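Examining the three-dimensional arrangement
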Amino acid sequence: QVQLAESGGDSVQAGASLSLSCAASGEAFSTYVMSWFRQTPGKEREFVATINWSSSRIYYADAVKGRFTISRDNAKNMLYLQMSSLKPGDTGIYYCAADESDSYYYERESVYDYWGQGTQVTVSS
């Protein structure tokens, strides 16, 4: 079992950059596929980015491609999301999630086994 804790959320102006972190407990972190999701006001939680255990497979949602960068440090049990050129539409609660089974359907919430509590990102125009 793993526990996840996000941090780094803040209120920023459009165009700013922000870095989120996700600290994971447990020895199996390095074997999990890790992803970021977000829940924006009035919408369901949506996929943002994913990274496999070796960082050799990384995918992004179209809405964030070219602006966000996902990375991980297995030695530190940490997952990161570097966000740049932030837009008001990026406002939401950002969650990190862990998938034990390396599912093909990485964009689906249902494949993830563990979730953090979320961190709020607010981007104002």
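Residues numbered from 1 in each chain as written. Predicted model: local features only at pLDDT ≥ 70, side-chain atom pairs only at ≥ 80, totals over all residues. Heavy atoms only, no water.

Observations concerning the state of the cysteines
When the sulfur atoms of two cysteines share a covalent bond, that bond is a disulfide. Scanning the model with the defined rule gives 1 disulfide in all. Each sulfur in the disulfide pair Cys22 and Cys96 lies 2.1 Å from the other. Judged by the sign of its S-S torsion, about 60°, the bond between Cys22 and Cys96 is right-handed. Placement of the pair is Cys22 in strand 3 (residues 18-24) and Cys96 in strand 9 (residues 92-99), with a sequence separation of 74 residues. (Disulfide = S-S within 2.5 Å. Helix = DSSP H or I, 4+ residues; strand = E, 2+ residues; numbered from the N terminus.)

A few points about the pairing of strand 3
Burial analysis of strand 3 places 5 of its 7 residues in the buried class, which makes it a mostly covered element. Where strand 1 (residues 4-7) lies against strand 3, 4 bridges are found, and the strand directions are antiparallel. When the bridges of strand 3 are listed, Leu4 appears paired with Ala24. (Buried < 20%, exposed > 50% of the residue type's maximum accessible area, 1.4 Å probe, protein only. Pairing = 2+ DSSP bridges.)

A look at the pattern of salt bridges
Here the structure, examined in full by the defined rule, presents 6 salt bridges. The salt bridge involving Arg38 is made with Glu46; its shortest N-O contact spans 2.7 Å. Overall, the relative accessible area of 5% leaves Arg38 in the buried class. A relative accessible area of 28% places Glu46 in the partly exposed class. Here Lys65 ties to Asp62 by a salt bridge, and the two come within 3.1 Å at their closest N and O atoms. Grouping residues by exposure puts Lys65 and Asp62 together as exposed. The network of salt bridges with shared partners includes Arg38, Glu46, Arg67 and Asp90. (Salt bridge = Lys/Arg side-chain N within 4 Å of Asp/Glu carboxyl O.)

Observations concerning the side chain of Asn77
Residue position: Asn77 is located in the loop between strand 7 (68-73) and strand 8 (78-83). Accessibility expressed as a relative area gives 18% for Asn77, which makes it buried. Not counting residues within four places of it along the chain, the set of residues in contact with Asn77 comprises Cys22, Ala23, Ala24, Ser25, Gly26 and Phe29. (Contact = heavy atoms within 4.5 Å.)

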